[in-house]
Amino acid sequence: MNRELYVNNYCIVRDHRIYVNGKLCFESPVSNGLREFAKAAYRNLAPNYNKFFKMDEISKLGFIASEYLLNYISIDEYKNDEISIILSNSHSTLVTDTNHQNTISDPESFFPSPSVFVYTLPNIMIGEISIRNGIKGENAFFIVEKFNPEIIVNHINNLFLTNKSRAFIGGWVNHTETDYEAFLYFVTDKKALPHNRQVINNLYNNL
Amino acid sequence: MVHFLADNIISSLGITTSENFSSLLSGEVGIRTIYDKKYYPEPFPVSMIDEVSLEHEYNKLTLNYSYEGSTTKLEKMIILSVADALKNTKIDIRSRRTAIIVSTTKGNIDLLDPAKKGCFESDRVLLWKAGNIISRFFANPNKTIVLSNACVSGVVAINTAAMYINSGLYDNVVVTGADIVSRFVVSGFMSFLSLSQGACKPFDMNRDGLSLGEAAATVIMSNKSESNSSIVYLSGASANDANHISGPSRTGEGSAIAIKKAMIEAGITAKDIDHISAHGTATPYNDEMESIAITRNNLQDVPLNSLKGYLGHTLGAAGLVETAVLLEEMRRNIMLKTAGFEEHGVSKPLNVLRQNESKELNCCMKMASGFGGSNAALIISKQEINEPGAIR
Amino acid sequence: MEEIIEKLKVQIIEQLNLEDMEPEDIDADEPLFGEGLGLDSIDALELIVLLEKEYGIKIQNPKDGQKIFYSVKTMAEFISANQK
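Just so we're clear, the structure is a prediction, and the values are computed from it rather than from any experiment.

How each quantity is defined
- Residues numbered from 1 in each chain as written.
- Chains lettered and ligands numbered in written order.
- Predicted model: local features only at pLDDT ≥ 70, side-chain atom pairs only at ≥ 80, totals over all residues.
- Heavy atoms only, no water.
- Phe/Tyr/Trp six-rings, centres within 6.5 Å; stacked < 30°, edge-to-face > 60°.
- Helix = DSSP H or I, 4+ residues; strand = E, 2+ residues; numbered from the N terminus.
- Buried < 20%, exposed > 50% of the residue type's maximum accessible area, 1.4 Å probe, protein only.
- Lys NZ or Arg CZ within 6 Å of the ring centre and 35° of its normal.
- Contact = heavy atoms within 4.5 Å.
- Buried area = accessible area lost by both parts, 1.4 Å probe.
- Salt bridge = Lys/Arg side-chain N within 4 Å of Asp/Glu carboxyl O.
- Polar contact = N/O pair within 3.5 Å; in protein donor to acceptor, adjacent residues only side chain to side chain.

A.B. asks: Help me understand the packing of aromatic side chains in this model?
C.D. replies: Aromatic ring pairs: the centre-centre distance and the angle between the two ring planes describe each pair. Residues and elements named next belong to chain A. Under the counting rule described, the total for this entry stands at 27 aromatic pairs over all chains. A ring pair is formed by Phe147 and Phe183, whose centres lie 5.7 Å apart and whose planes are at 65 degrees; its orientation type is edge-to-face. One end of the pair, Phe147, is in the loop between β5 (139–143) and α6 (149–161); the other, Phe183, is in strand β7 (residues 180–188), and 36 residues separate them in sequence. The two residues Phe147 and Phe183 agree in class, both being buried. Members of the aromatic cluster, each reached through a chain of ring pairs, are Tyr10, Phe147, Trp172, Phe183, Tyr185 and Tyr204. A cation over a ring is seen here: Arg3 above Phe160, with NZ or CZ 4.9 Å from the ring centre. Taking NZ or CZ as reference, Arg132 lies 4.6 Å from the ring centre of Tyr49, over its face.

Okay, structure coming up:
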């Protein structure tokens, strides 16, 4: 059995553009923040999935990246608990955290909202992608100072070598007050680009 | 083979594992109803760490370390917890072969509160920053790895540490974690109507929600044993429900998958498991979901407890706190009762512990579940298992 | 009553992020949950916040929510009966 993993597909969302396997797939005419960009990118795929509009901005970003990534491949050959999602970022859910904090700071207008609070955990986007695609494998979300392929590559390789999973969505989904960026990739044992730190770093940086 | 070398718990019930365990053994409950508008406009039950003694202990500790920067409440809790656990092992925290993993859901989230503005640099709220403080304090040369995966963080952090050691990436991993009680978290759970009126009542007929708590805990894992009677890590897994971002699956699917995968990896069957430490938050849905997941794996007769009725739900620390308690239960061969449990209140006939019970504990399981559809489980054992079913 | 119903529809669309929905798309007598608008448990909690924030009405027992939030009309009736 082949014990090596390969990057079969990858998707980058950056500067109001979406690239899949290096090719530009969507471009928003105006660079007007994540909320409008995510909506336009969603409409471009037209998936008719109303839950999308309930998500906070970073979950929308992760969701959009996963939709474009998985749009070009089939995951049907894997059992739902054989597909794992391992993500990372540097700002956790800070933008949504600030939104929640704003609903509770003033005692005169203290109205914490459950639909905001529930998104103040970074792994909620893993939940959203899992619900959308019926994925039931391993989950982990790491918070790192800056994009760090090592943690994700190690985690995915370890899960594979211990037979916990056969297919993986790995990557980085970050949202700050001023910027957003997503880089998701799909890994299996089907021959393509080798799944290692160098390759992941190159894919992330070469756009 | 991955060995558990040492551990610590910092909570409302003590600042070492043995202090906490003595309190738990005597049935002491750390949850009190407090009325402090800093946290919430109305009274609510919660398990809190005494801040004065926390400061005192921290100041005592810093005399032995050269770190001079200021630290937040959360960082102090983690540092105290790691330092105490380190006292009981020979591992070198300054070695490249030793990694630190921090498990937390919200880290220094209290710093977002306007009342705390200016106390620390504004980006101190970022979780990796707290991680950096921990590695700097202990002069660990590696970047601290921060894992934030809702309420399964602690269990997933231990599973991750075991993979690091088994793959040869590191020789030792200090797995630590903490979460604090904050206005942020209390108001959020209040808006979910998921907090109980009094101290929470896991698996009970009249359970009405969870109680929050704050804690830090540490377990130190290594590829070498430091004694001839060590407890080892057998296996662990996580799984997503793919059902709803806040509501647990009605079929217990994700939790059942995590348990099943962990049992397969360990090469054991249901009859090999002596005791289960459940997640048991005492929300109506969580406990019901767990009862189904446990029964689906034929584990319904295994004596089970939840510790949430003593210490509340400590979020990102919970998996570590409860694994540290489970290790102590195994060392002493005692299973703790489930505080708050009176009348069986889930649809499956689980064996929920009503009294502390003595039992030879060789192989035990820890479960966790959380928002985002996340579930996890891990299995630990007193002895090495070479062949499937070799445990007796 | 009609006035509360119309206002509520706008507030529900806004608060629950019902994209692509216009007030006239919501039938005041239709069930809000289940088939109707496809709302879920978080939406139910959000409606409790809406009543408190916009109308100053606190629901003491969340179990009452099922009846109150059956439809826009039942919500409006509850509001007009409880508003100070």
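A.B. asks: Just to check I follow, could you spell out the interface of chain A and chain C for this structure?
C.D. replies: The extent of an interface is frequently quoted as the accessible surface area lost upon association of the parts. Contacts between chain A and chain C engage 10 residues on the former and 13 residues on the latter. Buried area between chain A and chain C, summed over both chains or domains, comes out near 1,000 Å², and the portion from carbon and sulfur atoms is 56%. Linking chain A with chain C are four salt bridges, by the criterion used here. One salt bridge connects Glu19 of chain C with Lys39 of chain A, and the closest N-O pair in it is separated by 2.9 Å.

A.B. asks: What exactly am I supposed to notice about the interface of chain B and chain A here?
C.D. replies: If you look at the interface, chain B gives 52 residues, while chain A gives 49 residues. Across the chain B to chain A interface the summed buried area is about 4,200 Å²; carbon plus sulfur atoms make up 63%. Here chain B is connected to chain A by four salt bridges. Seen at the junction of chain B and chain A, the total is 23 residue pairs in polar contact (both at pLDDT 80 or more).

A.B. asks: Whenever I open this one, the environment of Met330 of chain B confuses me. Can you help?
C.D. replies: Residue and element names in this part refer to chain B. Structurally, the position occupied by Met330 is in helix α10 (residues 318–332). Judged by relative accessible area, Met330 falls into the buried class, the value being 0%. Each C-alpha atom of the pair Met330 and Asp171 lies 24 Å from the other, and the pair is 159 residues apart in sequence.

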